[in-house]
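Observations on the three-dimensional arrangement
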Amino acid sequence: MKKILSRIGLGLLLLLIISIGVCFYIGQFNYAYSLMILLLFVFGGMGAIYKLKNDEYMYDGPGSGRSAREEYEQYTR
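In this report, the structure presented in the accompanying data block is examined. Predicted model, so just to flag it, every value in this text is computed and none were measured. (Residues numbered from 1 in each chain as written. Predicted model: local features only at pLDDT ≥ 70, side-chain atom pairs only at ≥ 80, totals over all residues. Heavy atoms only, no water.)

**Observations concerning the packing of aromatic side chains**
One pair of aromatic rings is described through two measures. These are the centre distance and the angle between the planes. Definition in use: Two rings from Phe, Tyr or Trp (for Trp, the six-membered ring) form a pair when their centres are within 6.5 Å of each other. A pair whose planes differ by under 30 degrees is stacked, one over 60 is edge-to-face, and the rest are tilted. Relative accessibility decides the category of a residue: with a 1.4 Å probe and only protein chains considered, values under 20% of the type maximum give buried, values over 50% give exposed, and everything between is partly exposed.
Under the criterion given, the structure shown has two aromatic pairs. Taken together, a centroid distance of 5.7 Å and an interplanar angle of 55 degrees make the contact between Phe24 and Phe29 tilted. Residue Phe24 is classed as partly exposed on the basis of its relative accessible area of 30%. Judged by its relative accessible area of 43%, Phe29 falls in the partly exposed class. A centroid spacing of 5.4 Å and a plane angle of 80 degrees characterise the contact between Phe24 and Tyr33, whose relative ring orientation is edge-to-face. We classify Tyr33 as partly exposed; its relative accessible area is 46%. Members of the aromatic cluster, joined through ring pairs, are Phe24, Phe29 and Tyr33.

So yeah, pure geometry; function would need other evidence.
What follows is the structure, given as structure tokens:
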């Protein structure tokens, strides 16, 4: 399911970039700039999600105060 959703997301991202180029070509600059702002929000949201996942990993990841036995049990479940 994750693979399908990532392909759909990449397809929509590619469609958005192509539509920005088409809008500049046909002279619809307002639409092109608004699509560029939308693209900026998409990349900003993706960055925020990745930062949140990284912070969660750093907080709950290796070296979070657990003993070596607890870490071993976590990875061998």
